[in-house]
Amino acid sequence: MTVLAIDIGGTKFAAAMVEPTGLITARLELPVGQDATATLAELVARIAVPGLTGESGLTGVGIGSAGPLNVLAGTVSPVNIPSWREFPLAKAVSELLPELPVRLAGDAQCMALGEWWQGSYGKRAADAGPYKTLLGIVVSTGIGGGVVVDGAPYLGPTGNAGHIGHISVDRDGDTCPCGATGCVETIASGPSMVRWALANGWRRAVEPSFWAGRAVDARALAADAKRGIPVARLAFQRASDALGTAILTAAALFDVDNVVIGGGVAASGPTLMVPLRQAIARQAGMDFLHRLRVDATSLGRDAGLFGAAALVLGDQPS
Ligand SMILES: [Zn+2]
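Residues numbered from 1 in each chain as written. Predicted model: local features only at pLDDT ≥ 70, side-chain atom pairs only at ≥ 80, totals over all residues. Heavy atoms only, no water.

Per an unreviewed UniProt entry, the recorded name for the protein chain is Sugar kinase, and the organism is Acrocarpospora corrugata. In UniProt, the protein chain has this text filed under Sequence similarities (unreviewed entry): "Belongs to the ROK (NagC/XylR) family." (UniProt positions renumbered as here; feature names shortened; annotations may be inferred.)

Participant: Honestly, the environment of Val274 in this entry has me stumped. Any pointers?
Facilitator: Among the structural elements, Val274 can be located in helix 10 (residues 270-283). By relative accessible area, Val274 is classed as partly exposed at 40%. C-alpha of Val274 to C-alpha of Gln237: the two residues are 37 residues apart in sequence and 9.4 Å apart in space. (Helix = DSSP H or I, 4+ residues; strand = E, 2+ residues; numbered from the N terminus. Buried < 20%, exposed > 50% of the residue type's maximum accessible area, 1.4 Å probe, protein only.)

Participant: Please explain the coordination of the zinc ion as it appears in this structure.
Facilitator: Geometrically, a metal with four donors at the corners of a regular tetrahedron has ideal angles of 109.5 degrees, and one with six donors at the corners of a regular octahedron has ideal angles of 90 or 180 degrees. For the zinc ion, the full set of protein donor atoms is His166 (ND1), Cys176 (SG), Cys178 (SG) and Cys183 (SG), and the range of their distances to it is 2.0 to 2.3 Å. Geometry at the zinc ion is tetrahedral, judged from its 4 donor atoms and the angles of 105 to 118° they form at the metal. Along the chain, the residues donating to the zinc ion fall in the pattern H-x9-C-x1-C-x4-C. For Cys176, a relative accessible area of 4% gives the class buried. A relative accessible area of 46% means that Cys178 is categorised as partly exposed. (Donors = N, O, S within 2.8 Å, 3.2 Å for Na, K, Ca; no water. Tetrahedral: all angles 85-135°; square planar, octahedral: opposite > 155°, others 65-115°.)

Participant: I'm lost on a nonpolar patch on the surface in this one. Help?
Facilitator: Residues Tyr154, Leu253 and Phe254 make up a contiguous nonpolar surface patch of about 320 Å² in total accessible area. Here Phe254 lies in helix 9 (residues 230-254). By relative accessible area, which is 37% here, Phe254 ends up partly exposed. (Patch = residues over 30% accessible without salt bridge, like charges linked within 9 Å, V, L, I, M, F, W, Y side chains within 5 Å. Areas by Shrake-Rupley, 256 points an atom, 1.4 Å probe, with all protein chains shown as cover. Salt bridge = Lys/Arg side-chain N within 4 Å of Asp/Glu carboxyl O.)

Participant: Sorry, what's going on with the sheet that holds strand 11 (residues 258-262) here?
Facilitator: Pairing in this open sheet of 5 strands is mixed, and the strands run 10-9-8-11-12 from one edge to the other. Sheet topology places strand 10 (152-154) and strand 12 (293-296) at the edges, where each strand pairs with a single neighbour. Across this sheet, the average inter-strand angle for adjacent strands is 25°, counted without regard to direction. Strand direction decides the pairing type here: strand 8 (residues 133-139) and strand 11, joined by 5 bridges, are parallel. Residue pairing across strands places Leu135 opposite Val259, the latter belonging to strand 11. Contacting strand 8, strand 9 (143-149), strand 10 and strand 11, helix 3 (residues 107-118) runs over the sheet at an angle of about 45° to strand 9. (Pairing = 2+ DSSP bridges. Axes fitted to C-alpha atoms, helices over the stretch in contact; angles between N-to-C directions. Contact = heavy atoms within 4.5 Å.)

Participant: Sorry, what's going on with the nonpolar core here?
Facilitator: It is characteristic of soluble globular proteins that their nonpolar side chains tend to be buried jointly. Counting residues in each nonpolar core, the largest one holds 41 residues, and the members touching the most others are Ile137, Leu221, Ile247, Val259 and Ile261. When residues in this core are grouped by element, the largest group, 11 residues, is from helix 9. Ignoring sequence-local partners within four residues, the contact set of Ile247 consists of Ile137, Ile164, Val259, Ile261, Leu276, Ile280 and Leu292. (Core = buried A, V, L, I, M, F, W, Y, C linked by side-chain atoms within 4.5 Å.)

Participant: Quick question: what am I supposed to make of the environment of Leu234 here?
Facilitator: The residue Leu234 is located in helix 9 in this model. Each C-alpha atom of the pair Leu234 and Ala197 lies 8.1 Å from the other, and the pair is 37 residues apart in sequence.

Written as structure tokens, this is what we have:
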């Protein structure tokens, strides 16, 4: 029994053949070409070949996709793939691999489920300790999330549960592209942090020669925060405060005891994790919120693939 896990990102498609034990027997990653549908077909054709699909063959396909997506309709409209608007992804994969069950969820939901199943702080920790409910958050160009309750992904009736990036934390804040005001994403996503830092003198704070050939992005901002440039540190502080508020909101609703953070901004490590943990400790009220544990991803990009596989494996993963 082997399942095919597919991760649909804005610039790359990844796939892996995953055994119920969590063993990955094959993997492939392709940059998204001009024709995303052709890239998908190539990905499936190259990985799901006889001989690589295990003794008893392929038993299902799990897909995690960048959003927005409509899980009920099986369609996706990834922001970075303009040619895919309400693209029938589940149906397209079904046509490439007929007669196999296909499950679809958001990329951040898959990240959360993958961390639960194979990460250092999910199921394995739960077997030995107190962790039951895991919130996974992807902090990148946007902010996504997913919730795993008692080992099962909670996707919600429309499949949209976990949209933590669009919890409003500032009623007087900026308008978010989603239409609401003061969403976490308008403060703590990579581009939002960079925008705020630039508006508050980030460029002026660093000697001009420093900018030669250097990208003005969240990675550069993280590097400057690490160097102790005050405005860069403040940008991370501000993002941490907003993220902390949203995390505590979710934790209060679901009695979340474990949060795992992934995504490009989280790759800055302690630059984000230290002020984030401090923000949560400072803002937490009720006793049960003080046991909240927040860690950086232990699986990196593989979390999404493991989660996509777990969608199909259901409660069979061992
Ligand atoms: Zn929003």
